[in-house]
Amino acid sequence: MVTKILKAPDGSPSDVERIKEESDYLRGTLKEVMLDRISAGIPDDDNRLMKHHGSYLQDDRDLRNERQKQKLEPAYQFMLRVRMPGGVSTPEQWLVMDDLSQKYGNGTLKLTTRETFQMHGILKWNMKKTIQTIHSALLDTIAACGDVNRNVMCTSNPYQSEIHSEVYEWSKTLSDDLLPRTRAYHEIWLDEERVAGTPDAEEVEPMYGPLYLPRKFKIGIAVPPSNDIDVFSQDLGFIAIVEDGKLIGFNVAIGGGMGMTHGDKATYPQLAKVIGFCRPEQMYDVAEKTITIQRDYGNRSVRKNARFKYTVDRLGLETVKEELENRLGWSLEEAKPYHFDHNGDRYGWVEGIEDKWHFTLFVEGGRVTDYEDYKLMTGLREIAKVHTGDFRLTANQNLIIGNVSSEKKDEINALIDQYGLTDGKHHSALRRSSMACVALPTCGLAMAEAERYLPSLLDKVEEIIDENGLRDEEITIRMTGCPNGCARHALGEIGFIGKAPGKYNMYLGAAFDGSRLSKMYRENIGEEDILSELRVLLSRYAKEREEGEHFGDFVIRAGIIKATTDGTNFHD
Ligand code: SRM
Ligand code: SF4
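Scope of this entry: the structure provided in the associated data block.

1. A short note on the overall build of the chain
Logical step 1: What the chain contains, in helices and strands, is 18 helices and 22 strands.
Logical step 2: The C-alpha atoms of the chain give 23 Å as radius of gyration, which agrees with the globular expectation for 572 residues (25 Å, within 12%).
Logical step 3: Counting only C-alpha atoms, the chain reaches 70 × 60 × 55 Å along its principal axes.
Logical step 4: Across the 572 residues of the chain, 61% fall into the buried class.

So this is what it looks like as structure tokens:
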């Protein structure tokens, strides 16, 4: 076999590459600037590095204009993201996160689309205490953001508990073993003394090297028939193959991603493609070698073309597979058959193995807070105080109260009733299948509202749903405040991407099981147009659909939108 000579793109390295290179393995001047009391902010270079520590500086955009008028610096605050593979948290950890958000955050917790906690609103002077407390609860924020492998997701699967716990263990192993090795985090936040001497790069970061990756890297493990983690949106996806009730290995899919820039055809969402099968014990090797291919050939010059999906598209899927097998020293087996049913969550109580129960709770927009008439945060706190199982944050921003013993079930159920915590079944199935990214007021990249707006839009869409007898039809609907795709908009049967305040591009036609991307249907429309479009589309769907046909498939069959499975023609 002739080995092809692969090349990374030419071009001078982006500024972030310089920052990483000069950072002394992600230290920069973070230790010093976090002590500075003159500003609540930190310099840009350090903020770039901060991401590798699971945080970054934001400002409250609701207050931006007013503070500018008053000639005050922006209302600086930090977002902090926890690394929590597979989304599993103990009740004790839940209570710590709840307490920290009250003490140092904005009093809410965000359950993210990658199954973890985010806190918002932390002031600079409270960051170290917050991280130290998280550490004492046996959690951390290392590599939750930044140009490294991120929180590894896995299907929150209460139905097949045995497989779930096995797959969960693999997600933990991957997450831990693929961590950066630098001690920067421990020195800056946990007061670890620096070891004297200058070890070489091989010793400090054997896999990442001093420049880390060209861009973030994401891994997710799905357990069919659930594709809740949207395995085709991951840089590297593993699809569990179960035979005779036993996990025999994983199909490997590479090159997925959701982000793009409006109007820029060189950027697009892309689906990961299945390239083969590996045994569970080969999984780490596959992940490590895939990451090193991206490390060596990813675009370090243009960050918006730096994700692995572009590396795969540029080099070609077969070439990347060949390179992977060269680095592995063995070949992947042929991919095994699998079947996904859905990418959403299944709500309410289900019985797992060994007399354990799981309750999936609908958490709108993933925001845990106390609303005036819905004490969600208090209710969950009271549950955490008596719960002896676990909590599982889902990839759809919901929450599973997991591993509840039969003896505890009545007690937990009484609290669920007392606080009116909901499996969402009094809502339409459409709302239960909704996701929205954070967007305003904390996200600096948001062009329009998402999490704060979608619930009120859905109130109106639900009227149309009811007029058409579609209350129990699961239709996935996702909204993001910009095209970065944090709520995986391109895999929603109905998707909205913020363009400007109150204006969205509307997308249709993704598959209900997350295996096909949507396409743009209308550009730059406001609420009135959104509702009138949906009135026509949903009424046609109610009348013209075939038995069991999902909305995303219907719009394609009815010729309303052209199908695409390839991101490179996403804009056409
Ligand atoms: Fe994201 C950047 C929030 C999942 C694609 N994302 C951001 C930042 C950090 C904004 C920034 O860089 O300035 C957002 C913080 C807002 C805030 O105030 O909290 C942010 N992303 C989120 C979360 C919290 C959305 C949510 O409501 O749940 C999710 C946290 C996940 C986690 O726990 O790790 C989140 N982001 C995603 C996903 C979904 C996923 O991974 O399954 C995607 C699409 C998948 C992908 O990566 O392709 C996603 N986020 C992005 C991008 C676009 C990357 C790209 O390829 O171009 C950015 C912008 C960037 O990296 O430059 C981004
Ligand atoms: Fe922010 Fe855009 Fe991500 Fe929404 S999609 S959280 S607006 S970066």
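2. A short note on the sheet that holds strand β2 (residues 76–81)
Logical step 1: Read across the open sheet, the five strands follow the order β1-β2-β5-β4-β13; overall the sheet is antiparallel. Either end of the sheet is taken by a strand with one partner, and the two such strands are β1 (55–59) and β13 (367–368).
Logical step 2: Of the strand pairs in this sheet, β2 and strand β5 (residues 117–122) are connected by three bridges, and their pairing is antiparallel. Along β5, the bridge assignment pairs L80 with M119.

3. Brief notes about the nonpolar core
A general feature of soluble globular proteins is that nonpolar side chains tend to end up buried together.
Logical step 1: Ranked by size, the top nonpolar core spans 96 residues in total, and within it W94 and F238 carry the most contacts.
Logical step 2: The element contributing the most residues to this core is helix α10 (residues 283–297), with six residues.
Logical step 3: Discounting residues that sit within four places of it in the chain, F238 has contacts with L174, I219, G220, I221, A222, V231, F250, N251, V252, C278, M283 and V286.

4. Topic: the coordination of the iron atom of ligand 1
Logical step 1: From the protein, the iron atom of ligand 1 takes a single donor atom, C486 (SG), 2.3 Å away.
Logical step 2: The topology assignment puts C486 in the loop between β19 (477–480) and β20 (494–500).

5. Overview of the side chain of D264
Logical step 1: When you line up the elements, D264 lands in the loop between β9 (246–254) and β10 (273–278).
Logical step 2: D264 sits in the buried class, given a relative accessible area of 16%.
Logical step 3: In this view, D264 contacts K304 and H571; residues no more than four positions away in its chain are not counted.

6. Brief notes about the site of ligand 1
Logical step 1: Neighbouring residues of ligand 1: 30 residues in total, closest T112, Q118, T442, C486 and R488.
Logical step 2: K218 is positioned such that a nitrogen or oxygen atom in its side chain is 2.8 Å from an oxygen atom of ligand 1.
Logical step 3: Q397 is positioned such that a nitrogen or oxygen atom in its side chain is 3.3 Å from an oxygen atom of ligand 1.
Logical step 4: When residues of the shell around ligand 1 are traced back to their parent elements, those giving at least two are β1, β2 and β5.
Logical step 5: Taken together, the residues of the shell around ligand 1 sort by class into nine nonpolar, 12 polar and nine charged.

7. So, the pattern of salt bridges
Logical step 1: The tally for this structure, following the rule as stated, stands at 52 salt bridges.
Logical step 2: Of the charged contacts in the structure, one is a salt bridge between E288 and K289, with a shortest N-O distance of 3.0 Å. Across this residue pair, the class does not change: E288 and K289 are buried.
Logical step 3: Notably, a salt bridge pairs R392 with D390, separated by 3.4 Å at the nearest N-O pair. Both residues of the pair, R392 and D390, count as buried.
Logical step 4: What emerges from the salt-bridge pattern is a single network uniting E17, K20, D147, R300 and R303.

8. Observations concerning α10
Three or four residues apart is the spacing at which side chains of an α-helix point the same way, because the helix has 3.6 residues per turn.
Logical step 1: Its 15 residues give α10 an end-to-end C-alpha distance of 21 Å, which sits within 8% of 21 Å, the value for a rise of 1.5 Å per residue.
Logical step 2: Counted residue by residue, α10 has 11 buried out of 15 residues, so it is predominantly covered.
Logical step 3: Restricting attention to buried positions, one finds in α10 the residues M283, V286, A287, E288, K289, T290, I291, T292, I293, Q294 and Y297.

9. Observations concerning the state of the cysteines
Logical step 1: In this structure the tally under the stated criterion is zero disulfides.
Logical step 2: Free cysteine C154: the closest other cysteine sulfur is in C278, separated by 15 Å.
Logical step 3: By relative accessible area, C154 is classed as buried at 0%.
Logical step 4: Take C278: its relative accessible area is 0%, and that puts it in the buried class.

Calculation rules
Residues numbered from 1 in each chain as written. Chains lettered and ligands numbered in written order. Predicted model: local features only at pLDDT ≥ 70, side-chain atom pairs only at ≥ 80, totals over all residues. Heavy atoms only, no water. Helix = DSSP H or I, 4+ residues; strand = E, 2+ residues; numbered from the N terminus. Rg over C-alpha atoms; globule rule 2.2 N^0.38 Å. Buried < 20%, exposed > 50% of the residue type's maximum accessible area, 1.4 Å probe, protein only. Pairing = 2+ DSSP bridges. Core = buried A, V, L, I, M, F, W, Y, C linked by side-chain atoms within 4.5 Å. Contact = heavy atoms within 4.5 Å. Donors = N, O, S within 2.8 Å, 3.2 Å for Na, K, Ca; no water. Near = heavy atom within 4 Å. Polar contact = N/O pair within 3.5 Å; in protein donor to acceptor, adjacent residues only side chain to side chain. Nonpolar A, V, L, I, M, F, W, Y, C, P; charged D, E, K, R; others polar. Salt bridge = Lys/Arg side-chain N within 4 Å of Asp/Glu carboxyl O. Expected span 1.5 Å × (residues − 1). Disulfide = S-S within 2.5 Å.

The values are spatial; any link to function lies outside them.
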